[in-house]
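Next come the chains, spelled out residue by residue.
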Amino acid sequence: MKTFIAKRLLLGILVLFGVILITFTLTRVIPSNPAAQWVGPRATAEQIKAARIELGLDKPLYIQFGRYLQNLLKGNLGYSLKSHQPVINELKTYIPATMELVLLSTIGAIFIGLPLGVMSAKRKDEWVDHICRFFSVGAVSLPTFWIGIFLQLVFYRWLGILPMGDQLSMNIKLMYNIPKITGFLTLDSLITGNFIVFKDALTHLVLPGITIALYPIGLVARMTRSALLEILNEDYIRAARSYGLPERMVLWSYALKNSLGPTVTVVTLSIGYTLVNTFLVESIFSWPGIGNYVATAVISLDYPAIMGVTIFSACAYVILNLIADIIIAMDPRVRI
C-alpha cells in the first residue's frame, strides 16, 4: 500500500507540474498587457516600461517560469493585477465559502443519491425504478443556471420562505459580529455559540446547496444502480439469499459495500469539478466564493489570479483522486 500511495503521489506531482507549465505558458501567450493593467488605464509609457521590469516581464519566458516556481515553493502565488493584493491571501478569503457550499452539497448528494440508487436497483423495472431514473437523468441533464433561477423564483419570489442570495441577511451583518475562525461561516458561528448567525447562514445555504447538489445526486444514483445491478447477479449474493439472510443485510452490507468503487470515483471527481466551476451558481446567488473570483479574473485577464485558482484546482483534483484510489485499493479484490 505504501508503494502504491508513493506512486500516486509522484504521478500527482508530475500532473501538477504539467498543469503549472501549460497554464503559465498560455497566460503569457494570450494577447494582453499585464504591465499596463498593473499601473492602471492612465499610465504613461515610462510607467508601463517600469512596471514590465518590476514584474519581471522583460526577462525570457523560461526565467519567468523559474522565478514563478521558486516563489511557488515559498507559498507565493504573486500579486493580483487588479487589486495589487497577494493572490494567496485572496484565495484564503474566497475558498472557504466555496468549500463550505460544495462539501455540504456533496454530503447531501451522497445521503440522497445512494438510497435512490439502491431503491432503483432493488425495484428494477418497477415504477419506483422508473421514477428514480427519471429524477436522476433530469438532475444530471438540467442546466445549473436554470435550476438556480427556478428555485429563486419559487422559494423567494412566490413562497417568500428562503433568501434570494448572499451568505447572510443585511440586518444580521449590521447587528451581529460575524465570527471568522476557520472561514466556514456555519462552523464558526457554532463554535462561538452565535446561533442567530448560524440559522441565517444555514438558511442562505439551502438554495445554492440544492442547485449544486442535484448534479452529483443524479450521478451517484445512476452509478450506484448500475454497479448494484451487476453485483446482485453474482454467485455470492445468490448464496447469501439461499442461506436465508435478510434482504436488507444482503443489499446494504454485501452488495452495496462491493459496488461503492465507481461511486467513490464519481463523487471525488465531482467535488473537484464543482470547486472551481460554481461561478454560475455563485453569480446567481451572489455567493462570495472562488467561482466569482475566477470569473472576474478571467474577464480582466488577471493571470496571477488565474494561475492561483488553476493550481488550487489541480491540487484539489490530485488529492481527491488519491483519496479515491486509496479507498478503492482497500478493496481486497483490487490488485494494486
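Residues numbered from 1 in each chain as written. Predicted model: local features only at pLDDT ≥ 70, side-chain atom pairs only at ≥ 80, totals over all residues. Heavy atoms only, no water.

Student: I tried to follow the overall build of the chain on my own but got confused; where do I start?
Tutor: When helices and strands are counted, the chain shows 16 helices and zero strands. A total of 336 residues make up the chain; the buried ones form 40% of that total. Residue pairs at least 24 apart in sequence account for 70% of intrachain contacts in the chain once pairs closer than 6 positions are excluded. Counting 28 positive and 19 negative side-chain charges, the chain places the averaged centre of each group 3 Å from the other. (Helix = DSSP H or I, 4+ residues; strand = E, 2+ residues; numbered from the N terminus. Buried < 20%, exposed > 50% of the residue type's maximum accessible area, 1.4 Å probe, protein only. Contact = heavy atoms within 4.5 Å. Lys, Arg positive; Asp, Glu negative; His and termini not counted. Charge placed at Lys NZ, Arg CZ, Asp CG, Glu CD.)

Student: How should the side chain of S80 be read in this particular structure?
Tutor: Among the secondary structure elements, S80 is positioned in the loop between helix 4 (61-73) and helix 5 (87-122). Judged by relative accessible area, S80 falls into the buried class, the value being 2%. One polar contact links the side chain of S80 to the main-chain amide nitrogen of S83, over a distance of 3.2 Å. At 2.5 Å, the side chain of S80 and the side chain of D302 are in polar contact. Other than its neighbours up to four places away in sequence, S80 contacts W38, Q85, V87, E90 and D302. (Polar contact = N/O pair within 3.5 Å; in protein donor to acceptor, adjacent residues only side chain to side chain.)

Student: Help me understand the layout of surface pockets, please; the structure alone is not making it clear to me.
Tutor: Taking a probe equal in size to a water molecule and rolling it over the atoms shows the remaining empty space. Taken as a whole, the largest pocket spans an internal volume of roughly 450 Å³. Residue lining of the largest pocket: 18 residues in total, with L55, Y68, N71, G78 and Y79 positioned closest to the centre. For the lining of the largest pocket, the elements supplying multiple residues, two or more each, are helix 1 (2-29), helix 3 (45-55), helix 4 and helix 16 (303-329). If one sorts the elements of the lining of the largest pocket by residue count, helix 4 sits on top with four residues. (1 Å grid on protein atoms, 1.4 Å probe; cavity = no way out; pocket = protein on both sides within 12 Å on 5 of 7 lines; lining within 4 Å. Points joined across faces, edges and corners; volume = space filled by probe spheres on them.)

Student: Even after reading the chapter, I still don't get helix 12 (residues 247-255), so can you show me in this structure?
Tutor: Given 3.6 residues per helical turn, the α-helix brings residues three or four places apart onto the same face. Looking only at helix 12, the buried set comprises V250, L251 and A255. One side of helix 12 holds all its buried residues, which, seen down the axis, span an arc of 90°. Buried residues along helix 12 sit in contact with helix 5, helix 10 (195-231) and helix 11 (235-242). (Arc of directions from axis to C-beta.)

Student: Looking at this model, I keep getting lost on unusual backbone geometry. Mind explaining?
Tutor: Glycine aside, negative phi is the norm for most residues, and most peptide bonds take the trans geometry. Phi is positive for D166, close to 70°, though the residue is something other than glycine. Locating D166 in the fold gives a position in the loop between helix 7 (144-158) and helix 8 (170-175). Even without being glycine, L301 reaches a positive phi, approximately 55°. Structurally, L301 can be placed in the loop between helix 15 (290-299) and helix 16.

Student: Sorry, what's going on with the packing of helix 1 against helix 4 here?
Tutor: The axes of two packed helices give the description: the angle between them and the distance between them. Taken N-terminus to C-terminus, the directions of helix 1 and helix 4 make an angle of 130°; their axes are 11 Å apart at the nearest point. Accordingly, the angle class assigned to the pair helix 1 and helix 4 is oblique. Regarding helix 1 and helix 4, the two cross each other, and that crossing is right-handed. When helix 1 is examined against helix 4, the residues F17, I20, L21, F24 and R28 are found in contact with a partner set consisting of L61, Q64, F65, Y68, L69 and L72. Of the residues in the contact of helix 1 with helix 4, the class split is nine nonpolar, one polar and one charged. (Axes fitted to C-alpha atoms, helices over the stretch in contact; angles between N-to-C directions. Parallel < 35°, antiparallel > 145°, perpendicular 65-115°, else oblique. Left-handed = near helix turned anticlockwise from the far one by under 90°. Nonpolar A, V, L, I, M, F, W, Y, C, P; charged D, E, K, R; others polar.)

Student: Before we go on, may I ask you to explain empty space enclosed by the protein in this structure?
Tutor: For the structure shown, the criterion picks out one cavity of 30 Å³ or more. Taken as a whole, the largest cavity holds about 30 Å³ of empty space. What lines the largest cavity is simply L116, G117, S120, C132, R133, S136, A221, R222 and R225. Those elements giving two or more residues to the lining of the largest cavity turn out to be helix 5, helix 6 (127-141) and helix 10.

Student: Explain the pattern of salt bridges here, please?
Tutor: Two side chains of opposite charge can pair, provided their charged atoms sit close to one another. Evaluation of the coordinates by the stated rule reveals seven salt bridges. The salt bridge involving D129 is made with R225; its shortest N-O contact spans 2.9 Å. Of the two residues, D129 is situated in helix 6 and R225 in helix 10; the sequence distance between them amounts to 96 residues. Both residues of the pair, D129 and R225, count as buried. For E247, the salt bridge goes to R241, with nearest N and O atoms at 2.7 Å. (Salt bridge = Lys/Arg side-chain N within 4 Å of Asp/Glu carboxyl O.)

Student: Sorry, what's going on with the UniProt feature "transmembrane region" (unreviewed entry) in the chain here?
Tutor: Within the UniProt annotation, "transmembrane region" (unreviewed entry) is assigned to residues 9-30, 101-119, 131-155, 201-221 and 305-328. End C-alpha to end C-alpha, residues 9-30 measures 31 Å, and it is 95% helix and 0% strand. Counting secondary structure, residues 101-119 comes out at 100% helix and 0% strand; the distance between its end C-alpha atoms is 27 Å. (UniProt positions renumbered as here; feature names shortened; annotations may be inferred.)

Student: Would you mind showing me how to read the packing of aromatic side chains here?
Tutor: In this description, an aromatic ring pair is defined by two values, namely the gap between the centres and the angle between the planes. Inspection of every chain in the model, using the stated rule, returns five aromatic pairs. A ring pair is formed by F17 and F65, whose centres lie 6.1 Å apart and whose planes are at 70°; its orientation type is edge-to-face. Of the two residues, F17 sits in helix 1 while F65 sits in helix 4, which places them 48 residues apart along the sequence. Ring centres of F24 and Y68 lie 5.6 Å apart, and the angle between their planes is 45°; this geometry places the pair in the tilted category. Of this pair, F24 sits in helix 1 while Y68 is found in helix 4, placing the two residues 44 residues apart along the sequence. Owing to a relative accessible area of 1%, F24 belongs among the buried residues under this scheme. When its relative accessible area of 11% is taken as the criterion, Y68 is described as buried. A connected cluster of aromatic rings, assembled from ring pairs, spans F17, F24, F65 and Y68. (Phe/Tyr/Trp six-rings, centres within 6.5 Å; stacked < 30°, edge-to-face > 60°.)

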